[in-house]
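Spelled out from the first residue to the last, the chains are:
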Amino acid sequence: SELFDGRMRLALSGFFTEYDSYQDAAFVSQQFTVGNAQKTELKGGELDGTVLLGNHVTSNFGVSYADLTYKNYTDGLCYPGRTPDNPATGTCNLDGEHPVNAPEWVTSLGLMYQTDVSWGDAYARVDWSWSDDYNTSFSADPRLVQGSYSWVNLRVGTHWDRYEIVAWVDNTLDEDVVNFDAQLSLFGSDPSYQTFRQAPRSYGLTL
């Protein structure tokens, strides 16, 4: 939809998907193992848009709800200390759990100022996003959950001819964010994990 004489654009979508024999890769020790969830369901919706706030200022925004759930997964990976539901295979029932790194809610908001200058154009931009909490272990270990967090990136730059120079800061708030935790051993009695994190605050100048 276009509103306010074309100054705002909105897009809304909804989705529902069922996966049969959903292949679920888990990183254990130094290798990937592939599990097979009998049925997995994804449902949700997205709203995103852009709006012209002035002659030089634009904004983009979005909100997403995506519920990805194992509906039937009887042979999942067991987290250390959990008694297998299937002693013969050493696997666990993960029905109703969410896959790793799958937050239900994600939002974003960006603001950009851009103007013409004598040599070309200059701009400044800030992007903020927020993520709901999510599992960080492939076995849905309740002790390993990344809490909700905000992520902020900043950009100031200029274009001229075929060139661009930009000063930037990523993860401005220096959030400590875990993508996933992987078991170090195939043996369920070993509780050790290796943690894979997103980058801390970083900054630079790029030409």
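What you are looking at is a predicted structure, and each value in this text was computed from that prediction instead of being measured.

Colleague: Is there a simple way to explain the overall build of the chain in this structure?
Modeller: Within the chain, the secondary structure is distributed over zero helices and 13 strands. Each helix and strand of the chain, placed in order from N terminus to C terminus, yields the pattern β-β-β-β-β-β-β-β-β-β-β-β-β. The C-alpha atoms of the chain give 22 Å as radius of gyration, which overshoots the globular expectation for 207 residues (17 Å, by more than 25%). For the chain, with 207 residues in total, the buried portion stands at 32%. Expressed as a percentage of contacts within the chain between residues at least 6 apart in sequence, the contacts between residues at least 24 apart total 57%. On the chain, roughly 12,200 Å² of surface is accessible, and the fraction owed to carbon and sulfur atoms is 55%.

Colleague: Teacher, can you tell me more about unusual backbone geometry here?
Modeller: The phi torsion of most residues other than glycine is negative, and most of the peptide bonds are trans. Phi at Phe4 takes a positive value of approximately 55°, unusual for a residue other than glycine. Along the chain, Phe4 falls in the loop between strand S1 (2-3) and strand S2 (8-28). One non-glycine residue with positive phi stands out, namely Asn171, at about 55°.

Colleague: What is the right way to read the packing of aromatic side chains from this model?
Modeller: In this description, an aromatic ring pair is defined by two values, namely the gap between the centres and the angle between the planes. In this structure the tally under the stated criterion is seven aromatic pairs. With a centroid separation of 6.3 Å and an interplanar angle of 75°, the aromatic rings of Tyr149 and Trp151 are classed as edge-to-face. The same class applies to Tyr149 and to Trp151, which are both buried. When the ring of Phe180 is compared with that of Phe196, the centres are 4.7 Å apart and the planes differ by 20°; the resulting orientation is stacked. Separated by 16 residues along the polypeptide, Phe180 in strand S11 (residues 178-183) and Phe196 in strand S12 (residues 193-197) bring together distant segments of the chain.

Colleague: Please explain the pattern of salt bridges as it appears in this structure.
Modeller: Once their charged atoms are close, side chains differing in charge can pair, the charge on each being opposite to the other. This model, assessed by the stated rule, comprises nine salt bridges. For Lys43, the salt bridge is made with Glu41, and the minimal N-O distance between the two is 3.9 Å. Judged by its relative accessible area of 11%, Glu41 is buried. In this structure, the salt-bridge partner of Glu41 is Lys71, at a minimum N-O distance of 3.9 Å. With Glu41 in strand S3 (residues 31-52) and Lys71 in strand S4 (residues 57-72), this pair connects stretches of sequence that are 30 residues apart. Taking relative accessible area as the criterion, Lys71 reaches 42% and is therefore assigned partly exposed. If you follow the salt bridges from partner to partner, you end up with Glu41, Lys43 and Lys71 in one network.

Rules of the game
- Residue numbers here run from 1 along each chain, matching the order of that chain's written sequence.
- Local features in this predicted model are restricted to residues whose pLDDT is 70 or higher, and side-chain atom pairs enter the listing and the counts only when it is 80 or higher, whereas totals over whole chains, interfaces and linings include all residues.
- Water and hydrogen atoms play no part in the side-chain values, which are based on all heavy atoms of the structure.
- Strands are runs of DSSP state E lasting at least 2 residues, helices are runs of H or I lasting at least 4, and numbering of each runs from the N terminus.
- The quantity called the radius of gyration is restricted to C-alpha atoms. Its globule counterpart is 2.2 Å times the number of residues to the power 0.38.
- We call a residue buried when its accessible area falls under 20% of the maximum for its residue type, exposed when it is over 50%, and partly exposed in between, using a 1.4 Å probe and counting protein chains only.
- By the convention used here, residues are in contact when the closest approach between their heavy atoms is within 4.5 Å.
- Surface accessibility follows the Shrake-Rupley procedure with a 1.4 Å probe radius. Residue values consider only the protein chains on display as shielding.
- When two rings of Phe, Tyr or Trp (its six-membered ring) have centres within 6.5 Å they constitute a pair, described as stacked for plane angles under 30 degrees, edge-to-face for angles over 60, and tilted for the intermediate range.
- The rule for a salt bridge is simple: a side-chain nitrogen of Lys or Arg has to be within 4 Å of a carboxyl oxygen of Asp or Glu.

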